[in-house]
Amino acid sequence: MKRMIAFLLAMVMMFSVAATSALGEDVAAAAEAIKQSKTYETTYNTYFSSSYSSFNYFSTAYATVREIVANCIDGLVEPDIYGVYAPSLAEDWDVNEDQTVWTFKIRQGLKWIDHNGNETEYALTAQDFVDGIRYIGDPKNDAYSLRVVRNLISGLYDYYWLLDDIDCGLVTDKNRDDVVASFDEMVGVKALDEYTVQYTLENSAPYFLSLIESSMLMLPVEYDYAMALGDDFAVDNEHMLYCGAYYVSAFERDKAITLTANPYYWDKENITLDTVEYQMIPDGTTSLEMFKRGMIDYTSVESEAYDSLQGTEYADNLLPTSHSFSTNYLWLDFDGENAEFKTFINNENFRKALLYSMDREVLAALREPVDPARILRNTINAEGAIYDSTGKDYTDYSPLKEIKETNYNNPELAREYMEKAVAELCDENGNIKGVEATTVDYLPVCSFDIDGKLPVTICYVGTDDEEEIIMAQLFKAMIEESIGADYIDFQIQAFAGWTYGTVADPLNYDIYFDSLSTGYADPSGILTRLTTDGAENVGCYNVPEYDALIEKALAAETFEERLQYFAEAEAYLCGNGFVIPFISSLRGYYMSNSIPYTSPRTLYGNEKYKGTLVMAEPLTQEEFETLKAAYEIEREKALAGE
Amino acid sequence: MGKYILKRTLNSILTVMIVFVAVFMLLRLMPLSGYFPPEMIKETDEATRMSYLRNQGLLDHPLVQLGRFIGQLFQGNLGRSLTVYPKVPIATLLAEKIPVTAAFGFASMIIGIVLGLSLGMLMVRFKDRWGDHLGTGYILMVRAIPSLIYLFFIQVWVSLWLNLDMVFYDDKPTSWILPVICLSLGSIAWYALWLRRFMVDEENKDYVKFALVKGLSKKQVWREHIFKNAIIPLVIYLPSDLLFIISGSLVIETLYVIPGTGGLLTTAIEKQDNNLVQVIVLMYAVLSVLGVFLGDLLIAAVDPRITLTEDK
């Protein structure tokens, strides 16, 4: 009998594998038929919505420049179309056992090109990668977002701060030029020969390749050229050199950018577009209209526009955006002037009451009206961003998995937690213990009176952006309804001059809304900034348990152990309501004339145009679904090594 | 007259200096965190931010910074943008942006004057009849409806009907039409409204009645007396209008993606780009003072009744 059952099971499995395989072949054939049926353009017309202030990839604080740099300056590695790291300017690489020494072999015979597409006299060598770090290591070059790279590359932290101490007169017994000259001895990046660069790291970094993908600070630079230009380096397209698939052949500030294919590119056969034309279109309505008129090949579609396109000829071209590693969260002020809120927010039950008081799907529907559930997020680090060596998603590590899967829309529980908090913090007359009536000064944002009694006054501060105001009104309705208006008085302050310096930094709020993004394949990128003394802890909470877990994670011997501690730390922070993530920053839909899944699958970096196929007409939903299904099957096979 | 010009020039220089120094010092009262976009504050520690500020000279005493800026000015160096276009020379930025805005501003100013004055005369000529009603309807529409509504309508629908571009392209003259029209709408209404009012005022004055009784033709009275006298109060604004063609319109430049100066000052203030703000404020202060000064000279030139000095 057992043999019979085993035989039947084997047959079922065989048939199902055969059926899946046959289905896979059908899908692949259908996808191929779609691709074959199209004619492709050689120019891609797209847009940017905010100004390109500079092309200096080391010192610009603005994210927009990444779009251009991703296509114009290649890094050591890049993801292939399945998201697996593949050679780029490095042909090959090697890492030691504890993943602290990474050695890359650079392609030979490459040269930097100029904005006319001509080869320059500058050869691209290992020294250019060393010089990239040399450039950012000097405080006078104003490198942006240095923290991660500066702390990771051995000796770079000390080198940077020694130069800074000399600059501000704290160190007087050393000469600046001598310290700059000692870079090669002090800092753990070396050109072992003309085409071999080696990075020595302070800690084990299994995620190092993803950092190379995400961080512009790891890109090469022709040092003599950059230093000769000084402050003029990369202020426009004519003051920089290129080594990527494209160069910026034309640049009109705040208006237009033209990328032209690099005729000397190492991977020339995979360049499918001769030209990428960017034009500035600051608002979504114009971009949508221009897409309809065939002037551009891509447009994002916000939720209001999504509704207006239903029933039109474009309804079938609306495609869902795929992912965002940025998470929206509520930031709480643990040390503000509002004594009512301060007393309550430092109480675990109150934080949990807040945690369970919101219907996150309603908030998500503001951005994703069709399937709001797909943008819900209870964790800070995004699902699908970080995997261990076995392919297990970081957010599936317990107890973070439980947080991820919890439904926090539970008004009864919220009320229950609030009642416990009130019992602990108030007397029988509703007076909050230790809180006197006073005026709270959150100027220039607002000032208001508190009476030291229930309901607890909460001052939510947001910008005057229309969507944010609606979101704030939803917060108010949900929180007051779930917890009860007898316990909560939720006040909204939409502050027109909202800046970090006027609201967040001086603690002129009780609650505000912000976002955090998983920048590379390790939770440390965000979580180490959220410790009690971390840069991101602007609300001034005190979490020694969390800090201890972060310490353990950083000292872990294996990557899996590291992820486990990080997962416990993140679960602690989110589960106890110190930070309240609720949705991803993903924004609705888009329409496009390009075939998806033909260019590198960049997770942490920006889109690359290499391999992009652009049609004359918009992609339909059906075509998109077929291409996606075929891609998923292919990717699964590729990841399995078939 | 020469003495008057000298006195006014000195007064003007003093006014510009007071405005400039006040703005310069007020900018230094802004919080240091304002020099960084929020994402940069979150990405960097306090020490790194202070290092950046020190390298930019922003931690020096304000008077030292003022002295440095004035020193640079005398060397013809306007400095570099701090936060809006990091490290881009401000002279380069202005050289790129001012010609674009000025071209649009000049075209719309000419259209505004020609059409506005024509409409104003039409309204007076056909007072209380169709011409007046037409003009009043236009002025009411432009002034009463929020401009964003009709500007947006023109950009989206008129461009579709006339098969014109929705945004400006410097190499396609047809794409310049809609932004120029949009820029002119307000000034056409302004000139028409005020010319009508001043002409109606003049028409009812005794000297006009006298001239008509004396036997001058209505056309002659209109051209040589009413129009000439009615235009005088408008002339005073012409120099300022002409000089401020470089200031641009935030809304229209944004709608048509014109890479001009509209909104540059607002953005610079918002992003606390001190270097850019102080140069633009200095520029606008000079233009304002100059505009008023030239307006005074012009009105004295066109109206013999007005003298700028006490004649003895």
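So, how was this worked out
- Residues numbered from 1 in each chain as written.
- Chains lettered and ligands numbered in written order.
- Predicted model: local features only at pLDDT ≥ 70, side-chain atom pairs only at ≥ 80, totals over all residues.
- Helix = DSSP H or I, 4+ residues; strand = E, 2+ residues; numbered from the N terminus.
- Rg over C-alpha atoms; globule rule 2.2 N^0.38 Å.
- Buried ≥ 20, exposed ≤ 12 C-beta atoms within 10 Å, placed from the backbone.
- Contact = placed C-beta atoms within 7 Å.
- Nonpolar A, V, L, I, M, F, W, Y, C, P; charged D, E, K, R; others polar.
- Pairing = 2+ DSSP bridges.
- Axes fitted to C-alpha atoms, helices over the stretch in contact; angles between N-to-C directions.
- Parallel < 35°, antiparallel > 145°, perpendicular 65-115°, else oblique.
- Left-handed = near helix turned anticlockwise from the far one by under 90°.
- Core = buried A, V, L, I, M, F, W, Y, C linked by C-beta atoms within 7 Å.
- Domains from an automatic or database assignment.
- pLDDT = per-residue confidence, 0-100.
- Arc of directions from axis to C-beta.

Draft legend 1. Representation of the overall build of chain B. When helices and strands are counted, chain B shows 14 helices and zero strands. In chain B, the succession of helices and strands from N to C terminus is α-α-α-α-α-α-α-α-α-α-α-α-α-α. The C-alpha radius of gyration computed for chain B amounts to 24 Å, which surpasses the reference 20 Å derived for 312 residues by more than 25%, pointing to a less compact arrangement than a globule. Dimensions along the principal axes, computed over C-alpha positions, put chain B at roughly 85 × 65 × 30 Å. Taking all 312 residues of chain B together, 34% fall into the buried category. Looking at chain B alone, contacts between residues at least 24 apart form 69% of all its contacts between residues at least 6 apart.

Draft legend 2. Broad picture of the interface of chain A and chain B. Listed by partner, the interface residues are 35 residues for chain A and 30 residues for chain B. Sorting the residues of the side of chain A that touches chain B by element identifies helix 5 (156-167), helix 10 (284-292) and helix 18 (500-504) of chain A as the ones contributing at least two each. Within the side of chain A that touches chain B, the residues separate by chemical class into 12 nonpolar, 10 polar and 13 charged.

Draft legend 3. Spatial organisation of the sheet that holds strand 15 (residues 319-320) of chain A. All names here are of chain A. Spatial strand order, 14-23-15: three strands in an open sheet with antiparallel pairing. The sheet is open, and its two edges are formed by strand 14 (298-301) and strand 15, each paired on a single side. With four bridges joining them, strand 14 and strand 23 (residues 589-592) adopt antiparallel strand pairing. Across the sheet, the residue bridging to V301 is Y589, located in strand 23. Along the sheet, helix 10 makes contact with strand 14 and strand 23, crossing strand 14 at roughly 135°.

Draft legend 4. The arrangement of the pairing of strand 6 (residues 101-106) of chain A in detail. Residue and element names in this part refer to chain A. With burial as the criterion, only one face of strand 6 is covered, namely that bearing W102, F104 and I106; the residues V101, T103 and K105 on the opposite face remain uncovered. As defined by bridge partners, strand 5 (residues 90-95) adjoins strand 6 across five bridges and the pair is classed as antiparallel. What sits directly across from A90, in strand 6, is I106. Between strand 5 and strand 6, which pair antiparallel and follow one another directly, the connecting turn spans five residues, one of which, Q99, has a positive phi of 60°.

Draft legend 5. Inspection of the environment of L290 of chain B at higher detail. Within the secondary structure, L290 of chain B sits in helix 14 (residues 274-302). Sequence spacing of L290 of chain B and S12 of chain B is 278 residues, and the spatial spacing of their C-alpha atoms is 7.6 Å.

Draft legend 6. Structural view of the packing of helix 5 (residues 90-125) of chain B against helix 6 (residues 130-144) of chain B. Residues and elements named next belong to chain B. Between helix 5 and helix 6, the least distance of the axes is 6 Å, while the angle of their chain directions is 135°. When the axes of helix 5 and helix 6 are compared, the pair comes out oblique. Crossing handedness for the pair helix 5 and helix 6: left-handed. Within the contact between the two elements, helix 5 uses L119, L122, M123 and R125 and helix 6 uses G131, D132 and G135. Class assignment of the residues belonging to the contact of helix 5 with helix 6 gives a composition of three nonpolar, two polar and two charged.

Draft legend 7. Structural detail: the sheet that holds strand 13 (residues 275-280) of chain A. All names here are of chain A. Taken together, four strands build an open sheet; the order of strands is 2-13-12-11 and the sheet is mixed. In this open sheet, the two strands that pair with only one neighbour each are strand 2 (43-48) and strand 11 (246-252). In this sheet, adjacent strand axes meet at a mean angle of 20° when their direction is disregarded. Here five bridges tie strand 12 (residues 256-261) to strand 13, and the two strands are oriented antiparallel to one another. Following the sheet pairing, A256 is matched in strand 13 by Q279.

Draft legend 8. Spotlight on the nonpolar core. With 238 residues, the main nonpolar core has Y57, I153, A353, M418 and A569 of chain A together with A192 of chain B as its most contacted residues. At 13 residues, helix 8 (residues 177-203) of chain B tops the list of elements feeding residues into this core.

Draft legend 9. View of the domain arrangement of chain B. Residue and element names in this part refer to chain B. Structurally, chain B comprises domain 1 (2-91 + 274-287) and domain 2 (95-265). Distance between the C-alpha centres of domain 1 and domain 2: 35 Å. Each partner contributes to the interface: domain 1 provides five residues, whereas domain 2 provides six residues. Per-element tally for the side of domain 1 that touches domain 2: the top contributor is helix 14, with four residues. The residue inventory of the side of domain 1 that touches domain 2, partitioned by class, reads five nonpolar, no polar and no charged.

Draft legend 10. Structural view of unusual backbone geometry. Residue and element names in this part refer to chain A. Residue S398 is joined to P399 through a cis peptide bond whose omega torsion reads 5°. As for its position among the elements, P399 is in the loop between helix 14 (360-364) and helix 15 (400-405). Omega for the bond connecting L443 with P444 falls within 30 degrees of zero, at 10°, which places this linkage in the cis form. Among the secondary structure elements, P444 is positioned in the loop between strand 17 (438-442) and strand 18 (446-450).

Draft legend 11. Expanded view of the domain arrangement of chain A. Residue and element names in this part refer to chain A. In terms of domains, chain A is made up of domain 1 (53-65 + 72-235) and domain 2 (326-584). Each of domain 1 and domain 2 was reduced to a C-alpha centroid, and the two centroids are 36 Å apart. Across the contact, six residues belong to domain 1 and six residues belong to domain 2. Sorting elements by how many residues they give to the side of domain 1 that touches domain 2 places helix 8 (residues 208-214) first, with three residues. A breakdown of the residues in the side of domain 1 that touches domain 2 according to their chemical character gives four nonpolar, two polar and no charged.

Draft legend 12. Geometry of the confidence of the model for chain B. Residues and elements named next belong to chain B. With 97% of its residues at a pLDDT of at least 70, chain B reaches an overall mean of 88. Ranking the elements of chain B by mean pLDDT puts helix 2 (residues 38-43) last, at 69, and helix 5 first, at 94. Across the predicted assembly, pTM comes out at 0.87 and ipTM at 0.84.

Draft legend 13. Main features of helix 3 (residues 46-55) of chain B. Within helix 3 of chain B the residues assigned to the buried category are T48, S51 and Y52 of chain B. Seen end-on, helix 3 of chain B carries its buried residues on one side only, within an arc spanning 100°. Turned more than 90 degrees away from the buried face of helix 3 of chain B sit E46 and A47 of chain B, all of them exposed. Residues of helix 3 of chain B that are buried sit in contact with helix 5 of chain A.

Draft legend 14. Layout of the pairing of strand 22 (residues 580-584) of chain A. Residue and element names in this part refer to chain A. When you tally the buried positions in strand 22, you get five out of five residues, the bulk of the element. Note that strand 16 (residues 326-332) and strand 22 share four bridges and pair antiparallel. Within strand 22, the position partnered with Y329 by the bridge is P581.

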